[in-house]
Amino acid sequence: MVFCSLIRTFAHNMNNNLTGEAHRPGRIEVVCGSMFSGKTEELIRRLKRAQFARQKVEIYKPAIDVRYSQEDVVSHDQNHILSTPIDSSASILLLSSDIDVVGIDEAQFFDMGLVEVCNELANRGVRVIVAGLDMDFKGVPFGPMPALCAIADDVTKVHAICVKCGNLAYVSHRKVGGEQRVLLGETAEYEPLCRECYQKAIQEENERKDHHA
């Protein structure tokens, strides 16, 4: 009898949770942080929850991001969800008619038009969930991410762990040469560092350059 009562309570709470999920108003949610911090993992979690609530969900990612898959959004832990690769933020408006939830991964690689696109979708009543790097490998705010954080209804900053000292990471440090801002890569090219360890790494790199000059 007690077991049946617990089952009914669980089912009732689950139904209420999903009903609440299905009736969320238009809003912008941003998940940001360094590489290896779980941004995409959190994006996928929220989108799958929306799908479970029988909402109409569309996911987009930059066409240049083919590290794990040409079509899927894939986290470092290999969780994945089907997406539509696009070259321009304007495509999102064209492809998102009659949609409840829009997910956008690697938002830092999109053009600045993404800010207005997200605003327009939210004003239509669409829940927009955006994930992206807040800073590039030099610690400079990246692409449309700062503006998206400014207009978002909710911002979640997630943290990787510094590979040098174990503190919360601050930035994605690039371990390979090159000054181009966009360089797709994983652990061979990048490492998460805290502010102190990042400053030490930059100082060591500058000293090596001076030594070889």
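Counting restarts for each chain: residues are numbered from 1 in the order of the written sequence. Side-chain atom pairs in this predicted model are given and counted only at pLDDT of 80 or more, local residue features only at pLDDT of at least 70, and totals for whole chains, interfaces and linings cover all residues. The basis for every side-chain value is the complete set of heavy atoms in the structure, and neither hydrogens nor water enter the calculation.

What to know about the overall build of the protein
Part 1 of the reasoning: Where helices and strands are cited, they refer to DSSP runs of H or I of at least four residues and of E of at least two residues respectively, numbered from the N terminus. Counting its regular elements, the protein contains 6 helices and 10 strands.
Part 2 of the reasoning: Each residue's exposure class comes from its accessible area (1.4 Å probe, protein chains only) as a fraction of the maximum for that residue type: buried when under 20%, exposed when over 50%, partly exposed otherwise. Scored against the burial criterion, the 213 residues of the protein give a buried share of 43%.

Things to note about the nonpolar core
Part 1 of the reasoning: We call a set of buried residues a nonpolar core when its members are Ala, Val, Leu, Ile, Met, Phe, Trp, Tyr or Cys and they connect through side-chain atoms within 4.5 Å of each other. With 23 residues, the main nonpolar core has Ile92, Ile104 and Leu148 as its most contacted residues.
Part 2 of the reasoning: For this core, the secondary structure elements donating two or more residues are β1 (27-33), β6 (101-104), α4 (113-123), β7 (127-133) and α5 (145-151).
Part 3 of the reasoning: The leading source of residues in this core is α4, at 6 residues.
Part 4 of the reasoning: In contact with leucine 148, other than residues within four places in its own chain, are Val30, Ala107, Leu114, Val115, Cys118 and Val130.
Part 5 of the reasoning: Membership of the second largest hydrophobic core comes to 12 residues, among which are Leu43, Val101, Ile129 and Ala131. Only heavy atoms enter the contact rule, under which two residues are in contact if any of them lie within 4.5 Å.

Regarding unusual backbone geometry
Part 1 of the reasoning: Phi angles above zero are rare outside glycine, and phenylalanine 36 is one such case at about 65°.
Part 2 of the reasoning: Even without glycine at this site, glutamate 106 takes up a positive phi of about 50°.

With respect to the environment of alanine 188
Part 1 of the reasoning: Counting through the fold element by element, alanine 188 comes out in the loop between β9 (171-174) and β10 (190-193).
Part 2 of the reasoning: Spatially, the C-alpha atom of alanine 188 lies 7.5 Å from that of lysine 175, the residues being 13 residues apart in sequence.
Part 3 of the reasoning: In this view, alanine 188 contacts Lys175 and Val176; residues no more than four positions away in its chain are not counted.

Looking at α4
Part 1 of the reasoning: Buried residues of α4: Leu114, Val115, Val117, Cys118, Leu121 and Ala122, and no others. Buried residues of α4 fall within an arc of 165° about the axis and therefore sit on the same side. With respect to the buried face of α4, the exposed residues turned more than 90 degrees away are Glu116 and Asn123.
Part 2 of the reasoning: Check the buried side of α4 and you find it contacts β1, α3 (90-95), β6, β7 and α5.
Part 3 of the reasoning: Where α4 terminates, the next one or two residues include glycine 125, which has phi positive at roughly 100°. This arc corresponds to the set of directions leading from the helix axis out to the C-beta atoms.

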